[in-house]
Amino acid sequence: MSSFECQQIRVQLAAFLEDGISEAERIIVRLHLQNCPGCQREMEVLQCVPLIVKEWQPEVPTRTMWVYIEQRIKIPQGVSERARVKPPRVPLQRKWLGWGGALVAGAAAATLAFFLLTPHPEPTIPIDTQVVLQPEGYLKQHLQLTGFETPTEYYRLTEF
Amino acid sequence: MGRKELSTLSDGELVRRAQSGDLAAFEAIYDRYHPRLYRLLYGMLNNPADAADLTQEVFLRAYSDLERLRPESNLYGWLRKTAVNLGIDQLRRQKVLKFESLDVPLENEEGSPFALQIEDVKSDPHTLLEQRGLQEAVQKALGYLTPDHRAVVAMHYLEGMEVEEIASLVGVPVGTVKSRLARARNALRRYLAPYVEG
């Protein structure tokens with residue numbers, strides 16, 4: 001047999017064994033195998049593969065697995081799934097820090113709410129500004145006393 | 001009834017007893033089937049811790065579904081189907097991570113048979129044979145396969161499941177399963193050369 005033909009057949013041998021080629025291809029492979037000891041030998045080797053794999057027997061952690069299963073099974077019925085999983089223990093210090101933080105945040109929120117919701121009185125006009133609202137005669141007299149020439153200059157310089 | 005006597009009872013009888021609250025009967029079911037399920041899952045996942053977790057999960061599901069199990073039904077078939085489904089789910093979750101295929105170069109059949117150098121499998125197969133033995137060699141060889149190939153090898157070679165059943169469980173055409181098996185066989189033939197060429 002030519003090595004080229006053998007190459008073509010050997011590529012198909014595994015698929016031949018797994019029944020993964022067409023009937024026409026099967027016939028070609030069978031005919032070749034009848035006359036080629038080399039490919040027959042390769043066929044035998046490939047046939048050995050599943051037998052070798054079947055011999056694999058890994059070590060089984062029998063008791064470890066059963067202990068876990070038994071523990072899970074023995075949890076009384078009616079216990080919620082949440083209760084089955086033990087929550088991680090939080091250190092006491094962290095717990096108190098948590099409570100303190102919540103307290104401070106609550107106080108801040110209450111203060112803010114009080115500030116926003118309490119009605120505030122209208123701002124009162126400062127006494128000095130009220131001078132502007134006085135009757136005209138009083139203003140003229142006031143300007144004379146203070147030395148300003150016009151009311152505009154007075155307002156500009158006495159603006160609060 | 002003692003453990004030895006329980007081990008002689010049929011699956012149906014054990015299921016009946018377990019349904020009536022006999023934990024020893026359920027343990028007998030576990031004793032009977034857990035090695036096969038563990039091996040199947042280990043073969044599929046190539047990870048003993050994951051295999052143990054999922055084996056436990058199979059039995060916990062069986063226990064919680066005990067009421068619905070019919071004693072005359074195929075108990076092992078149910079357990080195996082649950083195991084395979086859990087295994088496939090696990091493989092799908094793992095696929096999210098980038099996977100670097102180790103046996104693609106074998107399929108290309110170009111140049112060196114091992115594009116990625118893996119320990120001493122290529123350099124000295126006889127050392128592998130002598131030092132590690134068949135068990136470890138098979139375990140390693142399975143580990144070198146892609147997850148898809150490993151899963152079908154575990155189901156077909158280790159468990160003897162039919163190709164049609166595998167196809168329906170994995171959700172691929174029968175032809176794909178056969179093709180994966182053929183490629184995996186070629187890859188294993190190389191990895192296990194010292195044993196198969198005997």
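Located above this text is the structure these notes cover.
Any chance you could explain the nonpolar core here in plain terms?
The nonpolar side chains of a soluble globular protein tend to be buried, and buried together. Val-53 of chain A together with Phe-26 and Leu-192 of chain B are the most contacted members of the largest nonpolar core, which has 74 residues in total. The biggest single contributor to this core is helix H3 (residues 23-45) of chain B, with 14 residues. Those residues in contact with Val-53 of chain A that lie beyond four places of it in its chain are Arg-39, Val-138, Leu-142, Val-153, Tyr-157, Leu-158, Leu-188 and Leu-192 of chain B. Listed in part, the 14 residues of the second largest apolar core include Leu-13, Ala-15, Cys-39 and Leu-46 of chain A.

Even after reading the chapter, I still don't get unusual backbone geometry, so can you show me in this structure?
Apart from glycine, the bulk of residues carry a negative phi angle, and the bulk of peptide bonds sit in the trans form. Look at Asp-19 of chain A: it is not a glycine, yet its phi comes out positive at around 60°. With respect to the helices and strands, Asp-19 of chain A occurs in the loop between helix H1 (3-17) and helix H2 (23-35). Of note in the backbone geometry, Asn-46 of chain B takes a positive phi value of approximately 60° without being a glycine. Tracing the chain through its elements places Asn-46 of chain B in the loop between H3 and helix H4 (48-64).

Looking at this model, I keep getting lost on the packing of aromatic side chains. Mind explaining?
To describe a pair of aromatic rings, one takes the distance between the centres and the angle between the planes. Following the criterion strictly, the structure yields nine aromatic pairs over all chains and no others. With centroids separated by 4.9 Å and ring planes inclined at 35°, the aromatic side chains of Tyr-33 of chain B and Tyr-76 of chain B adopt a geometry described as tilted. Within this pair, whereas Tyr-33 of chain B is found in helix H3, its partner Tyr-76 of chain B is found in helix H5 (residues 75-95), the two being separated by 43 residues in sequence. For the pair formed by Tyr-33 of chain B and Tyr-76 of chain B, the shared burial category is buried. Connected via pairs of aromatic rings, a cluster forms that spans Trp-66 of chain A together with Phe-26, Tyr-30, Phe-59 and Tyr-63 of chain B.

Procedures and definitions
Residues numbered from 1 in each chain as written. Chains lettered and ligands numbered in written order. Predicted model: local features only at pLDDT ≥ 70, side-chain atom pairs only at ≥ 80, totals over all residues. Heavy atoms only, no water. Core = buried A, V, L, I, M, F, W, Y, C linked by side-chain atoms within 4.5 Å. Buried < 20%, exposed > 50% of the residue type's maximum accessible area, 1.4 Å probe, protein only. Helix = DSSP H or I, 4+ residues; strand = E, 2+ residues; numbered from the N terminus. Contact = heavy atoms within 4.5 Å. Phe/Tyr/Trp six-rings, centres within 6.5 Å; stacked < 30°, edge-to-face > 60°.

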